[in-house]
Structure formats: structure tokens, C-alpha cells
Amino acid sequence: MRLFDGGRVPNARRVRVFLAEKGISVPLVPVDLGKMEHKSADFTERNPFQRVPVLELDDGTILTESVAICRYFEEIQPEPPLFGTGALGRARVEMWNRRIELELYSQGQAAFRHGHPGMANHEVPQIAQWAEVNRGRALGTLRLLNDHLAGHRYFAGDHYSIADITALVTIDFLKPARIAVPADLVHLARWHAECSARPSAQA
């Protein structure tokens, strides 16, 4: 088994943080996105969508998409549960994970891909106005997340989950996307400090 990894990009980091929380070690195969290694014929054969991460199992089976990879490891090693427990617990984790992906992550990604000079060869055409629109949208989403965390330790309740991992890697990704988290979002800051202090955050 080996994991084709893309360094600090959010989805690659999400899987590494998840594995660290599980205490699972998987050999990493670095994929240099700056050198367009994800566009190579060898990598494209594994994932025609040319995205990281990619998990290759011992028998050659390929899994792509970060949440799908995380779900695989959740099934083979259920403890600690990071997708929630019970019908309601799992639904809450799924709800918050999707909200963070569909809103904040998509906004941060659009701001980065359309606004960062280093992405000019990756996002063709770059549309600067779309980056600005999404920076504004991201600030609105951050306020909604802050309001939710006023009454909750973690996004899906009292237990750390993949929703928190998704939010952590996304919020850390906002810096290169040139989106500053407002200082008055104190509940989000409290949550971020707690999650960042977990050993897995260094994965």
C-alpha cells in the first residue's frame, strides 16, 4: 500500500491528518505539483482526473478522492471514529463536512486558483474578478462557522471528526489564497488553536 501525496495542498494534507489521528502509517510517494508530476502519463494512469491524493492498495486497486480514502481507513480501523457514531452522529459529521467543502473550501480554492500568480499555468483562464468574489464569500462563510462554534466545541458536537480536519486544512489554506480570517471571530480562533495543537495537525 502506498499514498501518492501532494504536499501541503488541502486534500493531501486532509488524508495525512486523518491517518495521524488513526495512528496509521502509509508509505508516501511525493508528487511535485509545481513540476506538473500529476500530469505525467504514469500518474494519469492511476488517476485520469490528475488530482492528489491517490491510494494504491497492495493488490493494485486505486482509490482517489480524499474523503473516499479516509472512509476506507475508517472501515478497516473504526477507532477512533472520525465519521461520527450512530445515525444522528454520522449525519451531523457528513452535514458539516459537506458544508465546509461546498462553501469555504470551494471559495478558498477559487480565490487561490484564480488569484495567485503561481497558478496561472494551472488555471486557464485565470479570472481575477472570480477570485475577489470568492474572497468576499469566504468571509461570510467564516462568520457563519464562528457563530456555530459559539455553542459547540467541534463542528459536529463534542467529538473531533473529519469535519474538523476539513475545516482545519481549509482555513490554513486561506493564507496562500490571500484571505485573512477576521480577528473578531473569537470562537473560530479558539477552535483553530485547539485543533492546531493536536499532534496530527503537523502531518
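Here we summarise the structure given alongside this text.

The rules behind the values
Residues numbered from 1 in each chain as written. Predicted model: local features only at pLDDT ≥ 70, side-chain atom pairs only at ≥ 80, totals over all residues. Heavy atoms only, no water. Helix = DSSP H or I, 4+ residues; strand = E, 2+ residues; numbered from the N terminus. Rg over C-alpha atoms; globule rule 2.2 N^0.38 Å. Buried < 20%, exposed > 50% of the residue type's maximum accessible area, 1.4 Å probe, protein only. Contact = heavy atoms within 4.5 Å. Areas by Shrake-Rupley, 256 points an atom, 1.4 Å probe, with all protein chains shown as cover. Lys, Arg positive; Asp, Glu negative; His and termini not counted. Charge placed at Lys NZ, Arg CZ, Asp CG, Glu CD. Salt bridge = Lys/Arg side-chain N within 4 Å of Asp/Glu carboxyl O. Phe/Tyr/Trp six-rings, centres within 6.5 Å; stacked < 30°, edge-to-face > 60°. Lys NZ or Arg CZ within 6 Å of the ring centre and 35° of its normal. Patch = residues over 30% accessible without salt bridge, like charges linked within 9 Å, V, L, I, M, F, W, Y side chains within 5 Å. Axes fitted to C-alpha atoms, helices over the stretch in contact; angles between N-to-C directions. Parallel < 35°, antiparallel > 145°, perpendicular 65-115°, else oblique. Left-handed = near helix turned anticlockwise from the far one by under 90°.

Time to look at the overall build of the protein chain. Along the backbone of the protein chain there are seven helices and four strands. For the protein chain, the N- to C-terminal ordering of α and β elements is β-α-β-α-β-β-α-α-α-α-α. Taken over C-alpha atoms, the radius of gyration comes to 17 Å for the protein chain, in line with the 17 Å a tight globule of 203 residues would show. When the backbone C-alpha atoms are referred to their principal axes, the protein chain occupies close to 45 × 45 × 25 Å. Looking at the protein chain as a whole, 45% of its 203 residues are labelled buried. Contacts in the protein chain between residues far apart in sequence, at least 24 positions, make up 66% of those at least 6 positions apart. Carbon and sulfur atoms make up 56% of the accessible area of the protein chain, which totals about 10,300 Å². In the protein chain, the 24 positive side-chain charges and the 24 negative ones have mean positions that sit 5 Å from each other.

Inspection of every chain in the model, using the stated rule, returns 15 salt bridges. Put simply, Arg153 and Glu194 hold a salt bridge, and the shortest N to O gap is 2.5 Å. Here Arg153, found in the loop between α5 (128-149) and α6 (162-173), pairs with Glu194, found in helix α7 (residues 186-196); they are 41 residues apart in sequence, far enough to count as distant.

Under the defined criterion, the tally for this structure stands at eight aromatic pairs. With 6.4 Å between their ring centres and 75 degrees between their planes, Phe4 and Phe43 make a pair best called edge-to-face. Residue Phe4 is located in strand β1 (residues 2-5), and its partner Phe43 is located in helix α2 (residues 41-46); the two are separated by 39 residues in the primary sequence. Against the face of Trp96 rests Arg99, its NZ or CZ located 4.7 Å from the ring centre. Arg198 extends its terminal NZ or CZ atom over the ring of Tyr160, reaching a point 3.8 Å from the ring centre.

There is a patch of nonpolar side chains on the surface, built from Ile127, Trp130 and Val133 and spanning about 240 Å² of accessible area. With respect to the secondary-structure elements, Trp130 resides in helix α5.

With that out of the way, let us pick up the environment of Val133. Checked against the element boundaries, Val133 lands in helix α5. Judged by its relative accessible area of 36%, Val133 falls in the partly exposed class. Each C-alpha atom of the pair Val133 and Ala110 lies 9.1 Å from the other, and the pair is 23 residues apart in sequence.

Contact pair helix α1 (residues 10-22) / helix α3 (residues 66-76): the axes reach a minimum separation of 9 Å and the direction vectors enclose 15 degrees. As judged from the angle between their axes, α1 and α3 are roughly parallel. Relative to α3, α1 is oriented so that their crossing is right-handed. The segment α1 lies against α3, with Asn11, Arg14, Val15, Phe18, Leu19 and Lys22 engaging Ser66, Val67, Ile69, Cys70, Phe73 and Glu74.

Nothing here speaks to function; it is geometry throughout.
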